[in-house]
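Residues per chain are reported as follows:
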Amino acid sequence: MARIELKNIVKQYGDGFPAVNDVSLDIADGEFVILVGPSGCGKSTLLRMIVGLEDITSGDLLIDGKRVNDLAPRDRDLAMVFQNYALYPHLTVGENIAFPLRLNHSKVPEKEVRERVQRAADMLELNEHLDRKPANLSGGQRQRVAMGRAIVRDAKAFLFDEPLSNLDAKLRGQMRTEIARMQRSLGTTTVYVTHDQTEAMTLGDRVAVLRKGVLQQVASPRELYEQP
Ligand code: ADP
Ligand code: ADP
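On a predicted model such as this, the values are computed, not experimentally measured, just so you know.

Q: Please provide a residue-by-residue account of the site of ligand 1, values included.
A: Near ligand 1, the surroundings consist of Y13, A19, P38, S39, G40, C41, G42, K43, S44 and T45. Within the backbone of G40, a nitrogen or oxygen atom sits 2.7 Å from an oxygen atom of ligand 1. At a separation of 2.9 Å, an oxygen atom of ligand 1 approaches a polar side-chain atom of K43. Classifying every residue of the shell around ligand 1 gives 4 nonpolar, 5 polar and 1 charged.

In structure tokens form, the structure reads like this:
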């Protein structure tokens, strides 16, 4: 778990309008923050800067009080789940989930890797599928594998980029419930990008609204969506 502080974060690609323009937001330890806004408003860019896949042009990013602007992704210890799942097709479900733990620098003993993969699979009901390849899974199962790969690392925070947008409505509902349950039981700080108002209302402690790179409003789901 971690506190994540964004202080006047700017991302400038080329010389156009900044993709992210002076965004400041203090995310509490264990908080679930939803990021909404029209396509192109800078949501993905902001997530990618937090996780370290994109340089920050100016401003400060603090994790538990420590400035991490110049830290490599691996040293930030955050887990990102992408919209397209980004699974390795040649690896089994179990190997996909274990992958972050088997990278050279992670130094997790193999016995513990297996135990942690097992725990993640239990939580996500993937036990029967550990030896299958991603191509033989449903969309919902693939999404679970992507989440398994995130939770297996005991990361300090989860960053979700529209994780359910490729699923049909029924599965989306199921996965929404699972994400809520998972986050409650793990208590992990989460930043979650979505277009779906139901997700924003049911998952978020707070909702942050971005528009043209500018943070326009930060409010509880109730304040934001309930009619007066
Ligand atoms: P969102 O996730 O809200 O749809 P993005 O963060 O993907 O928005 O994009 C924000 C803005 O930055 C858009 O105008 C987009 O075209 C621009 N952008 C995103 N990535 C790049 C890039 N690698 N190079 C140049 N411009 C980019
Ligand atoms: P390498 O270290 O061999 O270049 P990668 O490029 O796969 O390996 O990843 C580098 C580091 O970036 C990983 O150790 C991990 O900490 C981080 N990383 C990769 N993918 C993600 C992700 N989805 N979410 C968070 N961090 C990631």
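Back to the text.
Q: Give me the confidence of the model for the protein: which residues, what numbers.
A: Averaged over every residue, the pLDDT of the protein is 92; residues scoring 70 or more account for 99%. Predicted complex metrics record ipTM = 0.69 and pTM = 0.85.

Q: Would you mind going over the environment of E125 in detail, with residue names and values included?
A: Note on placement: E125 falls in the loop between α4 (110-123) and α5 (139-151). On the basis of relative accessible area, E125 is assigned to the exposed category, the value being 55%. Considered as a pair, E125 and I179 are 54 residues apart in the sequence and their alpha carbons are 13 Å apart.

Q: Go over the sheet that holds strand β10 (residues 214-219) with me, naming the residues and quoting the values.
A: Pairing between the strands of a sheet is mediated by backbone hydrogen bonds and can be parallel or antiparallel. Overall, mixed pairing links the 6 strands, which are arranged β6-β7-β8-β3-β9-β10 in an open sheet. Two strands close off the open sheet at either side, each with one partner strand: β6 (78-81) and β10. Geometrically, the sheet is characterised by an average inter-axis angle of 20 degrees between neighbouring strands, direction not taken into account. In this sheet, strand β9 (residues 206-211) lies alongside strand β3 (residues 32-36) in parallel orientation, the contact comprising 4 bridges. Within β9, the residue paired with I34 across the bridge is V207. Taken strand by strand, helix α1 (residues 43-51) contacts β3, β6, β7 (157-161), β8 (189-193) and β9, and its axis lies near 155 degrees from that of β7.

Q: Kindly report on the side chain of Q143, identifying the contributing residues and their values.
A: Among the structural elements, Q143 can be located in helix α5. With near-sequence residues (within four places) excluded, Q143 lies in contact with V81, F82, Y85, P163, L164, L167 and M175.

Q: An account of the pairing of β7 is requested, with residue identities and associated values reported.
A: Most of β7 sits inside the fold, with 5 of its 5 residues counted as buried. Burial of the side chains of β7 extends over both faces: A157, L159 and D161 are buried on one face and F158 and F160 on the other. Pairing analysis gives 4 bridges linking β6 to β7, with the strands arranged parallel. Bridging from a neighbouring strand, A79 pairs with F158 of β7. Note: β7 against β8, 5 bridges, orientation parallel. Among the inter-strand pairings, A157 is bridged to a residue of β8, identified as T189. Handedness of the crossover joining β7 and β8 through helix α6 (residues 169-186) is recorded here as right-handed.

Q: Can you break down the packing of helix α3 (residues 93-102) against α4 residue by residue, with the values?
A: Contact geometry of α3 with α4 gives a least axis separation of 10 Å together with a crossing angle of 130 degrees. In terms of orientation, α3 and α4 fall into the oblique class. Note on packing geometry: the crossing formed by α3 with α4 is right-handed. Contact residues: G94, I97, A98, L101 and R102 in α3; E110, V113, R114, R116, V117 and A120 in α4. Residues of the contact of α3 with α4, tallied by class, amount to 6 nonpolar, 1 polar and 4 charged.

Q: With reference to specific residues and values, describe α1.
A: Across the 9 residues that make up α1, a large majority, 7, are buried. Listing the buried residues of α1 in full gives K43, T45, L46, L47, M49, I50 and V51. The first or second residue beyond α1 is G52, which carries a positive phi of 100 degrees.

Cut-off values and rules
- Residues numbered from 1 in each chain as written.
- Chains lettered and ligands numbered in written order.
- Predicted model: local features only at pLDDT ≥ 70, side-chain atom pairs only at ≥ 80, totals over all residues.
- Heavy atoms only, no water.
- Near = heavy atom within 4 Å.
- Polar contact = N/O pair within 3.5 Å; in protein donor to acceptor, adjacent residues only side chain to side chain.
- Nonpolar A, V, L, I, M, F, W, Y, C, P; charged D, E, K, R; others polar.
- pLDDT = per-residue confidence, 0-100.
- Helix = DSSP H or I, 4+ residues; strand = E, 2+ residues; numbered from the N terminus.
- Buried < 20%, exposed > 50% of the residue type's maximum accessible area, 1.4 Å probe, protein only.
- Pairing = 2+ DSSP bridges.
- Axes fitted to C-alpha atoms, helices over the stretch in contact; angles between N-to-C directions.
- Contact = heavy atoms within 4.5 Å.
- Right-handed = clockwise from strand over helix to strand, strands pointing away.
- Parallel < 35°, antiparallel > 145°, perpendicular 65-115°, else oblique.
- Left-handed = near helix turned anticlockwise from the far one by under 90°.

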